[in-house]
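As a plain string of letters, each chain reads:
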Amino acid sequence: MSQDTNYIPHWHRAWLYILLALLLAFLAAPIFVVIPVSFSNTSTLQFPPESLSLQWYVRLFSSARWQSSAYNSMLAALLTVCCTIPLGIMAAYGLNSIRTGLGKFISATLMLPLIVPLILVAIGIYFLYARLGLINTMVGLVAAHTMYTLPLAITMIAAGLRRFDRNQEMVARSLGANRLKAFMTVTLPQIKFSVMSAGFLTFIASFDEVVIALFISGGSNATLPRQMFNQLRNSIDPTIAAISTLLIALALIVFAAMQFLKSNEA
Amino acid sequence: MNEIAVPPLRRDSGIAPALAKDARRERSLMIGLALPGLFVVAAVLLSPVGWLIWQSLVDGEGHFTLHHYLSLFSEPKRLSYLQNTFLLSAEVTVICSLLAYPLAFALTVLPERLRKFCMFFVVVPLLTSVLVRTYAWLIILGRRGIVNNVLANLGVIDEPLNLVYNYFCTVLGMVHVMMPMIVLPLYAAMKSIDGDLVRAASSLGATPSTAFRDIFFPLTLPGLFAGATLVFVLSLGYYVTPSILGGGKVIVWAIFLEQTVSFNTQWGPAAAAGLLLLGATVAVLVLARTLVGVKANQVEL
């Protein structure tokens with residue numbers, strides 16, 4: 001559309017650009033408001049803060065509870081990436097060439113985690129894990145997060161595979177490489193940016209996931225979002241702002257990484 | 001997959017059956033690659049949901065009953081939760097659609113560089129934890145938050161206003177969370193429209209507003225409906241924002257569900273309540289498909 005609507009001069013569209021700026025401010029400003037609050041030196045939520053301090057960060061980093069929950073989230077997210085990405089590559093690769101019958105059915109089933117309401121998924125998993133003794137375990141959490149992140153990873157990797165010409169892999173195989181070797185040396189290097197993007201997205205989706213973690217992570221395996229959610233319902237002191245600032249930093253890192261990967265891919 | 005051109009084979013050449021066998025083997029190998037992922041989804045999603053369906057249909061002694069479902073509708077309170085949920089989702093969907101449309105449109109007419117800059121403000125919220133985005137509203141609208149501070153400094157108010165922990169704040173927080181979910185599909189739909197169509201209309205004498213109304217807008221409707229369906233479906237089962245910003249006053253179905261699980265030792269009532277939510281979600285998706293042709297695979301990010 002961009003170049004095609006030039007018959008309307010930009011200044012005629014001033015109202016549209018003002019609206020755009022307001023809407024973008026609505027989307028982004030609330031997030032960046034959190035950052036100054038995290039540096040305040042009072043325990044009430046004041047904006048702008050009267051004076052600056054690092055006390056909430058000090059409190060955050062000296063609290064064993066916050067530390068262990070951050071560690072749990074980090075570990076769960078890393079393990080989830082390690083499970084989701086290989087499974088996602090295999091499924092995307094297999095289903096990319098089979099679009100009919102059983103293949104179509106399996107594709108649809110793998111996308112179900114996006115459609116079933118998360119709260120229902122969480123309750124179902126809670127019931128299942130209660131019977132299997134998997135509540136409050138890392139294994140259980142990683143299995144649940146793998147299921148939850150798989151559709152996203154498959155979608156992204158499949159998009160990468162569609163841009164790849166599979167005849168190249170055929171050539172490698174006709175020249176004597178076995179299937180696995182052909183995939184590893186010819187296909188994978190060409191879809192690696194999609195795979196890495198999927199990895200970053202999986203990481204942050206697992207790291208930030210609240211609802212499932214609320215039901216099945218607890219005790220010494222409580223995750224950061226669970227801890228944060230429980231705190232938010234009781235008190236809203238600026239420690240939360242300090243964690244939020246770190247989570248915003250994480251989102252920015254993931255955004256930058258994905259932009260970088262995208263620009264490399266094109 | 002790109003097919004390799006194969007010369008037609010004579011049926012009696014003896015190679016055809018061998019090739020067919022190869023194709024079958026290839027096909028089952030490819031399906032086999034998807035099985036580990038399928039196993040995870042079956043184990044962690046399908047089997048628990050299947051068990052919930054079973055539990056919702058049997059009573060304490062294992063006999064078939066619809067009692068759990070019927071009792072959901074017996075209390076007026078529960079009906080009001082259901083009504084709250086649909087009303088909230090509908091409001092959020094309508095507001096998001098109205099705000100997302102000009103936003104996505106403006107993004108399509110911007111020059112490339114500026115568009116990338118603006119996209120940052122759409123995508124970064126999507127990547128930021130929902131808890132952070134919800135907490136931000138507590139800072140802005142809280143008793144000692146920004147809005148109250150500004151108003152007090154201006155002398156407009158003496159007492160801080162109660163702006164959080166109510167229905168309005170819940171709608172605001174939900175709209176904020178859901179906005180990127182509709183902006184992105186809508187933007188993709190607008191971007192894929194052939195500009196020649198609009199140009200042709202204007203070269204044939206259509207004014208910009210006519211060209212927009214008769215050509216551009218109808219072509220964006222599939223994207224709009226896909227985004228709106230996604231927002232509505234996600235809102236139906238949304239738990240985090242209403243439970244924090246609603247302050248216990250806005251009981252949506254997801255909150256009722258969580259309470260049923262926490263306070264009940266029996267699975268039946270909670271299972272039925274949860275499956276009603278799933279049923280509503282599926283019904284909305286089916287409706288969207290039959291009425292406006294939104295396919296389930298469009299309702300994905």
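Analysis parameters
- Sequence order as written defines the numbering, with residues in each chain counted from 1.
- Note on labels: chains are lettered from A, ligands numbered from 1, in written order.
- Local features in a predicted model are, by the rule used here, given only for residues with pLDDT of at least 70; side-chain atom pairs are given and counted only at 80 or more, and totals for whole chains, interfaces and linings are based on all residues.
- With hydrogens and water stripped out, all remaining heavy atoms of the structure feed into the side-chain values.
- Secondary structure counts use DSSP, requiring at least four H or I residues in a row for a helix and at least two E residues in a row for a strand, with both numbered from the N terminus.
- Radius of gyration here is computed from C-alpha atoms only, and the compact-globule reference equals 2.2 Å multiplied by the residue count raised to the power 0.38.
- Only protein chains enter the accessibility calculation, which uses a 1.4 Å probe. A residue is then buried if its area is under 20% of the maximum for its type, exposed if over 50%, and partly exposed in between.
- We call two residues in contact when some of their heavy atoms are within 4.5 Å.
- For the accessible areas, the method is Shrake-Rupley and the probe is 1.4 Å, while residue cover comes only from the protein chains on display.
- The start and end points of each domain follow an automatic or database-based domain assignment.
- Once two parts are put together, the accessible area they lose, assessed with a 1.4 Å probe and summed over both, is termed the buried area.
- Salt-bridge detection follows one rule: a side-chain nitrogen of Lys or Arg within 4 Å of a carboxyl oxygen of Asp or Glu.
- Throughout, an axis means a line fitted to C-alpha atoms (over the contacting stretch in the case of helices), and angles, computed between N-to-C directions, take values from 0 to 180 degrees.
- Each angle receives one of four descriptions, namely roughly parallel if under 35 degrees, roughly antiparallel if over 145, roughly perpendicular if within 65 to 115, and oblique otherwise.
- Two helices crossing with the near one rotated counterclockwise from the far one by less than a right angle form a left-handed crossing, whereas a clockwise rotation gives a right-handed crossing.
- We call Asp, Glu, Lys and Arg charged. Ala, Val, Leu, Ile, Met, Phe, Trp, Tyr, Cys and Pro are nonpolar, and the rest, Gly among them, are polar.
- Distance and chemistry together define a polar contact, namely a pair of N or O atoms within 3.5 Å, with one atom able to donate a hydrogen and the other to accept it when in protein, and with adjacent residues in sequence counting only for side-chain atoms on both sides.
- For a helix, the expected span equals 1.5 Å multiplied by the residue count minus one.
- Bend at a given residue is defined as the angle between two axes, one fitted to the seven residues that end at that position and one fitted to the seven that begin there.

### Observations concerning the overall build of chain B
- Helix and strand content of chain B: 12 helices and zero strands.
- Moving toward the C terminus, one meets the helices and strands of chain B in the order α-α-α-α-α-α-α-α-α-α-α-α.
- Over its C-alpha trace chain B gives a radius of gyration of 26 Å, far above what one expects of a compact globule, namely 19 Å for 301 residues.
- Going through the 301 residues of chain B one by one, you find that 49% of them count as buried.
- The contacts in chain B between residues at least 6 apart in sequence include a share of 70% that link residues at least 24 apart.
- Here chain B displays about 14,600 Å² of accessible surface, and carbon together with sulfur accounts for 66% of that area.

### Here we look at the domain arrangement of chain B
Residues and elements named next belong to chain B.
- Split by domain assignment, chain B resolves into domain 1 (22–57) and domain 2 (76–298).
- Put simply, the middle of domain 1 and the middle of domain 2, counted by C-alpha atoms, are 32 Å apart.
- Taken together, the contact between domain 1 and domain 2 spans six residues of the former and six residues of the latter.
- Note on domain 1 versus domain 2: buried area summed over both sides is about 460 Å², and carbon and sulfur give 85% of it.
- Considering only the side of domain 1, the residues that lose the most area to domain 2 are L52, Q55 and S56, jointly responsible for 64% of the buried surface there.
- The interface formed by domain 1 and domain 2 holds zero salt bridges in total.

### Details of the packing of helix α5 (residues 118–132) of chain A against helix α12 (residues 267–292) of chain B
- Where α5(A) contacts α12(B), the two axes come as close as 9 Å, and the packing angle between them is 150 degrees. The angle between α5(A) and α12(B) falls in the class roughly antiparallel. For α5(A) against α12(B), the interelement crossing comes out left-handed. Along its contact with α5(A), which presents A:I119, A:L120, A:Y126 and A:F127, the element α12(B) presents B:W267, B:A270, B:G274, B:L275, B:L277 and B:L278.
- Residues of the contact of α5(A) with α12(B), tallied by class, amount to nine nonpolar, one polar and no charged.

### What to know about the interface of chain B and chain A
- The interface of chain B with chain A comprises 90 residues on the first partner and 96 residues on the second.
- Both sides of the chain B and chain A interface together cover about 8,600 Å² of buried area, and 80% of this is carbon and sulfur.
- Remark: the boundary between chain B and chain A carries one salt bridge.
- Of the charged contacts in the structure, one is a salt bridge between B:E26 and A:R179, with a shortest N-O distance of 2.8 Å.
- Between the two partners, chain B and chain A, sit four residue pairs in polar contact (both at pLDDT 80 or more).
- Sorting elements by how many residues they give to the side of chain B that touches chain A places helix α1 (residues 15–57) of chain B first, with 20 residues.
- Its residues placed into classes, the side of chain B that touches chain A shows 67 nonpolar, 15 polar and eight charged.

### A few points about helix α6 (residues 138–162) of chain A
- Given a rise of 1.5 Å per residue, 25 residues ought to cover 36 Å, and the 35 Å separating the end C-alpha atoms of α6(A) matches this to within 8%.
- The principal kink in α6(A), of about 40 degrees, is found at A:T149, preceding the proline A:P151 by one to four residues.

### Focus on the environment of A:G88
Residue and element names in this part refer to chain A.
- With respect to the helices and strands, G88 occurs in helix α3 (residues 64–96).
- Between the C-alpha atoms of G88 and P151, which are 63 residues apart in sequence, the distance is 7.9 Å.
- The residues touching G88, leaving out its near neighbours within four places in the chain, are L150, I154 and I157.

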